[in-house]
Amino acid sequence: MFFRSKRSPEDRPDPAELEKRLAALGDRETACQSAIQTLLVLLKNFALELDELKSADFRSQVTEFSEQLPGLETGDQMRRAMNKRSQRFEAFIERQNTYLLEREAELRKVITLLSNAMALLNRENAAYHQQILDQGTNFERIIALDDLRKIKTSLAEEVRQLKSMVEQKKQAESQQLNSLSGQVEVLRDELEKTRDENRRDPLTGIFNRRAMDEYLTSLIDGNRIRRKSFSVLMLDIDNFKVVNDQHGHLVGDQVISAMAGACVDILREDDFVARFGGEEFVAVMPGASLRAAGKRAGNLRQAVAGTRFSLPVDDREDYLHLTVSIGVTDFRAGDTRQSLLERADQALYQAKAAGKNQVVTL
Ligand SMILES: Nc1nc2c(ncn2[C@@H]2O[C@H](COP(=O)(O)OP(=O)(O)OP(=O)(O)O)[C@@H](O)[C@H]2O)c(=O)[nH]1
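Residues numbered from 1 in each chain as written. Predicted model: local features only at pLDDT ≥ 70, side-chain atom pairs only at ≥ 80, totals over all residues. Heavy atoms only, no water.

An unreviewed UniProt entry lists the protein under the name diguanylate cyclase, with Wenzhouxiangella limi as the source organism. What the UniProt record of the protein gives under Cofactor (unreviewed entry) is the line "Mg(2+)". The heading Catalytic activity (unreviewed entry) in the UniProt record of the protein holds the text "2 GTP = 3',3'-c-di-GMP + 2 diphosphate". (UniProt positions renumbered as here; feature names shortened; annotations may be inferred.)

K.L.:
What am I meant to see in the confidence of the model for the protein here?
P.N.:
Any region with low pLDDT has predicted coordinates that should not be read closely. Considering every residue of the protein, the mean pLDDT works out to 85; 91% of them sit at 70 or more. Predicted confidence is poor over residues 1–5, with pLDDT under 50, and the contacts of this stretch with residues over four places away or in other chains come to zero contacts. In the predicted assembly, ipTM is 0.92 and pTM is 0.57. (pLDDT = per-residue confidence, 0-100. Contact = heavy atoms within 4.5 Å.)

K.L.:
What is the right way to read the environment of Val282 from this model?
P.N.:
Along the chain, Val282 falls in strand β3 (residues 280–286). The exposure class assigned to Val282 is buried, which follows from its relative accessible area of 1%. Separated by 59 residues in the primary sequence, Val282 and Leu341 place their C-alpha atoms 9.1 Å from one another. When neighbours within four sequence positions are excluded, Val282 is seen to be in contact with Met212, Val232, Leu233, Met234, Phe272, Val273, Ala274 and Phe276. (Helix = DSSP H or I, 4+ residues; strand = E, 2+ residues; numbered from the N terminus. Buried < 20%, exposed > 50% of the residue type's maximum accessible area, 1.4 Å probe, protein only.)

K.L.:
In this structure, what is going on with the site of the ligand? I would like to understand it.
P.N.:
Around the ligand sit 16 residues in total, of which Asn239, Phe240, Lys241, Asp253 and Arg275 are the nearest. Note that an oxygen atom of the ligand is positioned 3.0 Å from one of the backbone N or O atoms of Ile237. Asn239 has a polar backbone atom sitting 2.7 Å from an oxygen atom of the ligand. Alone, the ligand offers 660 Å² of accessible surface; in the complex the protein occludes 65% of this. Only β1 (230–237), α7 (240–247) and α8 (249–266) provide two or more residues apiece to the shell around the ligand. Within the shell around the ligand, the residues separate by chemical class into three nonpolar, five polar and eight charged. (Near = heavy atom within 4 Å. Polar contact = N/O pair within 3.5 Å; in protein donor to acceptor, adjacent residues only side chain to side chain. Areas by Shrake-Rupley, 256 points an atom, 1.4 Å probe, with all protein chains shown as cover. Nonpolar A, V, L, I, M, F, W, Y, C, P; charged D, E, K, R; others polar.)

K.L.:
Looking at this structure, how should I read the environment of Ser289?
P.N.:
With respect to the element layout, Ser289 can be found in the loop between β3 and α9 (290–305). A relative accessible area of 34% means that Ser289 is categorised as partly exposed. Sequence separation between Ser289 and Ser231 is 58 residues, and the spatial gap between their C-alpha atoms is 6.3 Å. A distance of 3.1 Å separates a polar side-chain atom of Ser289 from the backbone nitrogen of Ala292.

K.L.:
How should the sheet that holds strand β7 (residues 359–361) be read in this particular structure?
P.N.:
For sheets, the rule is that strands pair by backbone hydrogen bonds, running either parallel or antiparallel. As summarised here, the arrangement of the five strands in space is β2-β3-β1-β6-β7, forming an open sheet in which the pairing is mixed. Looking along the sheet, the strands with just one partner apiece sit at the ends: β2 (272–277) and β7. When strand polarity is set aside, the average angle formed by the axes of neighbouring strands in this sheet is 20°. Its contacts with the sheet put helix α6 (residues 209–225) on β1, β2 and β3, and the angle it makes with β2 is roughly 130°. Strands β1, β2, β3 and β6 (324–330) of the sheet are contacted by α8, whose axis makes an angle of about 155° with β1. (Pairing = 2+ DSSP bridges. Axes fitted to C-alpha atoms, helices over the stretch in contact; angles between N-to-C directions.)

K.L.:
I keep staring at helix α10 (residues 337–353) and nothing clicks. Help me out?
P.N.:
In an α-helix, one turn spans 3.6 residues; hence positions three or four apart end up facing the same way. With 17 residues, α10 extends 24 Å from end C-alpha to end C-alpha; this agrees with the ideal 24 Å at 1.5 Å per step. Within the sequence span of α10, burial applies to Leu340, Leu341, Arg343, Ala344, Ala347, Leu348 and Ala351. Seen end-on, α10 carries its buried residues on one side only, within an arc spanning 160°. For α10, the exposed residues lying more than 90 degrees away from the buried face are Gln338, Tyr349 and Ala353. Each element contacted by the buried residues of α10 is listed here: α6, β1, β2, β3, β6 and β7. (Expected span 1.5 Å × (residues − 1). Arc of directions from axis to C-beta.)

K.L.:
Please clarify how the pattern of salt bridges should be interpreted in this entry.
P.N.:
Proximity of charged atoms lets side chains of opposite charge pair with each other. Going through the model one piece at a time under the given rule, you end up with 18 salt bridges. The partner of Glu167 in a salt bridge is Lys170, with the nearest N and O atoms 3.8 Å apart. In this pair, Glu167 and Lys170 both sit in helix α5 (residues 148–198), three residues apart, roughly one turn of the helix. When its relative accessible area of 37% is taken as the criterion, Glu167 is described as partly exposed. The partner of Asp236 in a salt bridge is Lys352, with the nearest N and O atoms 2.7 Å apart. (Salt bridge = Lys/Arg side-chain N within 4 Å of Asp/Glu carboxyl O.)

K.L.:
Which parts of the structure should I look at to understand the environment of Gly252?
P.N.:
Along the polypeptide, Gly252 turns up in helix α8. Taking the relative accessible area as the measure of exposure, Gly252 reaches 0% and is therefore buried. Sequence separation between Gly252 and Lys241 is eleven residues; the distance between their C-alpha atoms is 8.6 Å. Not counting chain neighbours up to four residues away, the residues in contact with Gly252 comprise Phe240, Val243 and Asn244.

K.L.:
Explain the packing of α8 against α9 here, please?
P.N.:
It is the contact of α8 with α9, at a shortest axis distance of 10 Å, that shows an interaxial angle of 135°. Our classification of the angle between α8 and α9 gives oblique. Handedness of the crossing formed by α8 with α9: right-handed. Contact with α8, carried on its side by Met259, Ala262, Cys263 and Ile266, involves Leu300, Ala303 and Val304 of α9 and no other residues of that element. Here the contact of α8 with α9 is built from residues that sort into seven nonpolar, no polar and no charged. (Parallel < 35°, antiparallel > 145°, perpendicular 65-115°, else oblique. Left-handed = near helix turned anticlockwise from the far one by under 90°.)

Shown next, in the form of structure tokens:
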């Protein structure tokens with residue numbers, strides 16, 4: 001049987017028209033293919049380059065799909081190919097979003113931490129504090145940036161500024177510290193000077209009675225722990241009243257100073273020489289036995305007796321001849337500072353009583 005079409009010849013598509021429509025369809029398909037390829041390239045570029053996101057795998061999936069596309073002839077083939085990959089693509093995009101959110105949260109934490117630490121470190125410095133707050137604001141501005149590369153560049157700049165601020169602060173603090181330690185040094189020197197001045201006799205510059213009391217006490221205390229012999233010498237200028245009466249107090253003062261110098265020169269370096277008061281001197285001789293101390297006292301007496309003390313007279317040279325009396329004793333078990341000095345004084349008294357210019361050991 002032969003069936004005829006019910007369509008009239010006018011209804012039949014015009015082959016030229018059909019050809020035109022087919023050409024348009026072909027053009028549309030090419031355009032679609034090209035649009036899809038462009039989107040796939042954008043999708044690849046959108047992926048961050050990170051191992052933990054498996055970006056390389058994602059990119060190769062996209063490339064594979066993009067190469068496969070031209071060979072897919074039917075819509076059905078395309079749908080199947082797309083379904084196969086869409087889950088993987090979506091999973092990657094999800095991973096990347098989560099990653100970015102986590103990094104942002106971490107950045108915020110770090111920034112808060114940095115700002116707090118800086119603010120804490122420099123609480124006392126208002127200007128510095130303000131700088132840190134500004135820095136915190138800058139960090140917040142950076143977070144608002146969408147582009148990770150920009151964030152990186154801006155963060156590097158902020159970190160550089162922070163470093164330079166901290167460096168400046170360090171320098172300022174170090175200068176402050178230097179200036180403070182300089183001041184402390186000056187104060188320490190002044191304290192040392194004052195302490196030393198309190199221990200010196202202003203007229204002669206040798207130790208005063210207070211310093212000698214302290215020294216004797218420390219020696220006696222030390223002797224309780226470990227026995228170590230020492231002796232004490234008490235010296236008085238003979239007939240000193242005459243010097244004052246004949247030449248005046250000023251000359252008297254100069255004679256006292258000269259006598260102090262003679263004692264220091266003639267006695268040993270580690271002997272402790274002090275002005276005890278008036279024209280009286282005490283020397284403490286560590287390590288010296290009574291015999292040795294008596295011998296040294298003899299040398300001193302002799303040296304003074306043989307010295308001409310020059311007088312400050314206007315137009316002519318004049319000299320004074322002086323003598324000294326010396327009492328010597330040594331430290332004995334049970335001695336106190338007072339008992340020791342009293343015995344030395346007794347010895348001196350005996351030397352005076354025996355005619356002066358002599359040494360008595362007791
Ligand atoms: N220039 C001066 N004289 C002082 C100082 N301290 C005490 N004198 C004087 O020293 C004199 C001591 O006189 P005395 O105690 O009689 O002793 P002295 O004349 O040395 O007689 P003897 O000790 O017995 O030899 C007094 O005239 C005091 O005024 C002082 O710092 N400077």
